[in-house]
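As a plain string of letters, each chain reads:
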Amino acid sequence: MENHLESYLSEQISNRRTFAIISHPDAGKTTLTEKLLLYSGKLRTAGMVRGRKGRKLAASDWMSMEQERGISITASAMQFVYKDVVINILDTPGHEDFSEDTYRTLTAADCAIMVIDAAKGVEKQTRKLFEVCRLRKIPVLTFINKMDLPGRDPLDLMDEVESALKIQSYAYNWPIGLGKQFCGVYDRFINKCLLFTRSTEGGAQRALMSQFSLEDEQVVSLIGCTEFDTLKGELTLLEAAGNTFNKEDFLGGCVTPVFFASAMTNFGIEPFFDTFIHLAPSPRGRLADVQNGKEIFIDPVTTSFSGYVFKVQSNMDRKHRDSLAFLRICSGQFEKDIVVKHHRLKRDIRLSRPHSMFAGERTVVDTAFAGDIIGVINPGSFFIGDTVSLAGGFDFKPLPQFQPEFFATLTPKDVNKRKSFDKGVRQLAEEGAIQILHGEDQFNDLIYGAVGKLQFEVLQYRLQDEYQVETRLTLLPYQCSAWIIGDETTYKKTTNSILVKDRWDKHIVLFGTQWEKEYAIRGNPTFQFIDIKY
Ligand code: G4P
């Protein structure tokens, strides 16, 4: 019986892919997500998921503020099936003003797709998100998008991925023609030219694809002699001078396979997804802390149900005024109404009304497996990082904290509301919505730190909405920060920086500019400067 259950679990879990798409805004993350839904049959026509420019709402638009703005603030997850594989896409908001949630969401992913605009190369936000993937040892596939537009040289882009992100790149496919001439890709794994034709509906429907071997005479006539010679020359160069690829190196985060495509026209999309489900890992085990500072390995199949909270979202449904805690299931099987151990609270708790999400609809899930994301009703008992399990006795590693880049002071407009204000900010900080920093005095002159500026707007909105406190916010002139490790009495402070402490009394320096931070790093060689605190 036990073996039967284990093989059932193993089959379910190995058939799952839980990942995030990371990119700088406008690189094409929404378009690519939409195409994944199109090719999985979840959407009949592309163009439904987007919430930009007043069109249909983004799949994760819940909060009314998000809806008013037409952007996606909260990071959530969607589940659907692509070619018999269960896909869990974690939504990492791509807006310029992303939040700490965006980073934290990556802790729930087993793998990431990094979308790069072929004309722009590796951009700022992509770098930051990639850094989190690297630290978490999350394997990354690189998707170079917009090949139908004039862009940079493909070899140049591969070089930039290597130099900017310090990872080896391997061209898994190679573009045939660039810009207007982009008509297909050469798949270096199956050694075939894949040529595409737009459907009459453009990118809203699948592109027609034909396969040819390079020796097939039709290829020259279809792509032209010049394109053919260029392709042959580049492929020879890649074979001679390019990196090699094996799946272990990819899973270990040493190499990223690079795919050239155009999400808008669907050229290269299907082979990319097919390769993705083959390369991306199924839910992997995680290390957890047990007493005496020891660690244990939580195997996704053989350990009974366990998971951790990576995100808490309040008042997503105004009608019910409830709060949801998003759990990443790390092992075993979840069943509706399961009673689990809440490790921090040291008591049993029933996980009732679990939800999964698709395009703004919540559906109640009866069963879920390691790798899945569920939203459970949170009557205030869940904080970010909480572990729950059937067996108990361990805690998943605490979630990292990320260097805040925006700072402000905040006061209630009405002094009589001080009590509600204090309660509100304390709860929202515990929820992980904001970081509270302080000087020598723990209770006065507090500084509020955020990874994205929008977090402040969300904070003010929620204080008003949930605690009925209107607030006044003053932005402070600091642009970045770092936790420092060393003897702080010997720390040489730069002119425009200040030294404060976080909630756990760890020292953090706020800098006026990135340049100043680099200057401080050079001037304090005995200190460690930390951007992501584990
Ligand atoms: P994001 O989620 O990463 O922010 O990007 P999104 O998919 O919204 O794409 C940003 C813009 O780039 C959109 O154009 C989108 O249509 C376009 N785009 C995405 N992929 C491709 C591609 O492969 N080729 C070309 N030519 N364009 C692409 P927009 O004008 O901002 O919006 P829309 O009116 O087209 O929707």
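Above this note sits the structure.
Residues numbered from 1 in each chain as written. Predicted model: local features only at pLDDT ≥ 70, side-chain atom pairs only at ≥ 80, totals over all residues. Heavy atoms only, no water.

Asker: Just to check I follow, could you spell out the side chain of Gln455 for this structure?
Answerer: Of note, Gln455 is situated in helix α12 (residues 454–467). Taking relative accessible area as the criterion, Gln455 reaches 7% and is therefore assigned buried. A polar atom in the side chain of Gln455 sits 3.1 Å from the backbone nitrogen of Glu100. Each residue touching Gln455, except ones within four places of it in the same chain, is listed here: Ser99, Glu100, Ala433, Ile434 and Ala450. (Helix = DSSP H or I, 4+ residues; strand = E, 2+ residues; numbered from the N terminus. Buried < 20%, exposed > 50% of the residue type's maximum accessible area, 1.4 Å probe, protein only. Polar contact = N/O pair within 3.5 Å; in protein donor to acceptor, adjacent residues only side chain to side chain. Contact = heavy atoms within 4.5 Å.)

Asker: Help me understand the environment of Leu135 in this model?
Answerer: On the secondary structure map, Leu135 appears in helix α5 (residues 124–135). For the pair formed by Leu135 and Gly253, sequence separation is 118 residues and the distance between their alpha carbons is 9.7 Å. Setting aside chain neighbours within four positions, we find Leu135 in contact with Ile532 and Tyr534.

Asker: Looking at this model, I keep getting lost on the pattern of salt bridges. Mind explaining?
Answerer: Once their charged atoms are close, side chains differing in charge can pair, the charge on each being opposite to the other. Per the counting criterion, the structure on display carries 19 salt bridges. Between Lys83 and Asp274 there is a salt bridge, and its shortest N-O distance comes to 2.9 Å. Of this pair, Lys83 sits in the loop between β2 (77–82) and β3 (85–90) while Asp274 sits in helix α10 (residues 269–279); the two residues are 191 residues apart in sequence, bridging distant segments of the chain. Classification of Lys83 as partly exposed rests on a relative accessible area of 41%. With relative accessibility at 29%, the residue Asp274 sits in the partly exposed group. The partner of Glu295 in a salt bridge is Lys397, with the nearest N and O atoms 2.6 Å apart. Of this pair, Glu295 sits in strand β13 (residues 295–298) while Lys397 sits in the loop between β24 (395–396) and β25 (401–402), and the two are 102 residues apart along the sequence. The partly exposed category is assigned to Glu295, whose relative accessible area is 45%. Among the residues examined, Lys397 registers a relative accessible area of 31% and is labelled partly exposed. One network of salt bridges, in which partners are shared, links Lys83, Arg206, Glu270 and Asp274. (Salt bridge = Lys/Arg side-chain N within 4 Å of Asp/Glu carboxyl O.)

Asker: Would you mind going over the sheet that holds strand β29 (residues 471–475) with me for this structure?
Answerer: Sheet strands pair by backbone hydrogen bonding; their relative direction is either parallel or antiparallel. Taken together, 4 strands build an open sheet; the order of strands is β27-β28-β26-β29 and the sheet is antiparallel. The open sheet has two edge strands, β27 (435–437) and β29, and neither has a second partner. On average, each strand axis in the sheet is tilted by 35 degrees relative to the strand beside it, whichever way the strands run. As judged from the 3 bridges shared by strand β26 (residues 406–412) and strand β28 (residues 447–450), these two strands associate in the antiparallel manner. What sits directly across from Phe407, in β28, is Gly449. Relative to β26, helix α11 (residues 418–430) is tilted by about 150 degrees, and along the sheet it contacts β26, β27, β28 and β29. (Pairing = 2+ DSSP bridges. Axes fitted to C-alpha atoms, helices over the stretch in contact; angles between N-to-C directions.)

Asker: Is there a simple way to explain the environment of Val122 in this structure?
Answerer: Along the chain, the position of Val122 falls in the loop between β4 (111–117) and α5. For the pair Val122 and Leu157, spaced 35 residues apart in the sequence, the C-alpha separation amounts to 8.1 Å. Excluding anything up to four places from it in sequence, Val122 contacts Ile116, Arg127, Glu160, Val161, Ala164 and Leu165.

Asker: Whenever I open this one, α11 confuses me. Can you help?
Answerer: An α-helical turn contains 3.6 residues, so any two residues separated by three or four positions project in the same direction. In this model α11 runs 18 Å from its N-terminal to its C-terminal C-alpha over 13 residues, within 8% of the 18 Å that 1.5 Å per residue would give. Of all the positions in α11, only Phe421, Gly424, Val425, Leu428 and Ala429 are classed as buried. One face of α11 carries all of its buried residues, which in axial projection span an arc of 125 degrees. One or two positions beyond α11, positive phi appears at Gly432, with a value near 95 degrees. (Expected span 1.5 Å × (residues − 1). Arc of directions from axis to C-beta.)

Asker: Explanation requested: the packing of helix α2 (residues 29–39) against α10 in the structure shown.
Answerer: For any two helices packed against each other, one specifies the crossing angle of their axes together with the interaxial distance. Running from N to C, α2 and α10 point in directions that differ by 85 degrees, and their axes come no closer than 11 Å. By the angle between their directions, the pair α2 and α10 is classed as roughly perpendicular. Contact residues: α2 offers Leu32, Lys35, Leu36 and Tyr39, while α10 offers Ile269, Glu270, Phe272 and Phe273. (Parallel < 35°, antiparallel > 145°, perpendicular 65-115°, else oblique.)

Asker: Would you explain the side chain of Ser306 in this entry?
Answerer: In this structure, Ser306 sits in strand β14 (residues 306–314). What Ser306 contacts, discounting residues up to four positions off in sequence, is Ile298, Arg328, Ile329, Cys330, Ser331, Val388, Ser389, Phe394 and Phe396.

Asker: How should I be thinking about the pairing of β4 in this particular structure?
Answerer: Along a regular strand, successive side chains alternate from one face of the sheet to the other. Most of β4 is tucked away: 7 of the 7 residues are buried. Of the two faces of β4, the one holding Cys111, Ile113, Val115 and Asp117 and the one holding Ala112, Met114 and Ile116 are both buried throughout. In this sheet, β4 lies alongside strand β1 (residues 16–23) in parallel orientation, the contact comprising 5 bridges. Its bridge partner being in β4, Phe19 is matched across the sheet by Cys111. In this structure, β4 lies alongside strand β5 (residues 140–145), joined through 6 bridges in parallel fashion. Of the residues in β5, the one forming a bridge with Ala112 is Val140. For the segment spanning β4, α5 and β5, crossover handedness is right-handed. (Right-handed = clockwise from strand over helix to strand, strands pointing away.)

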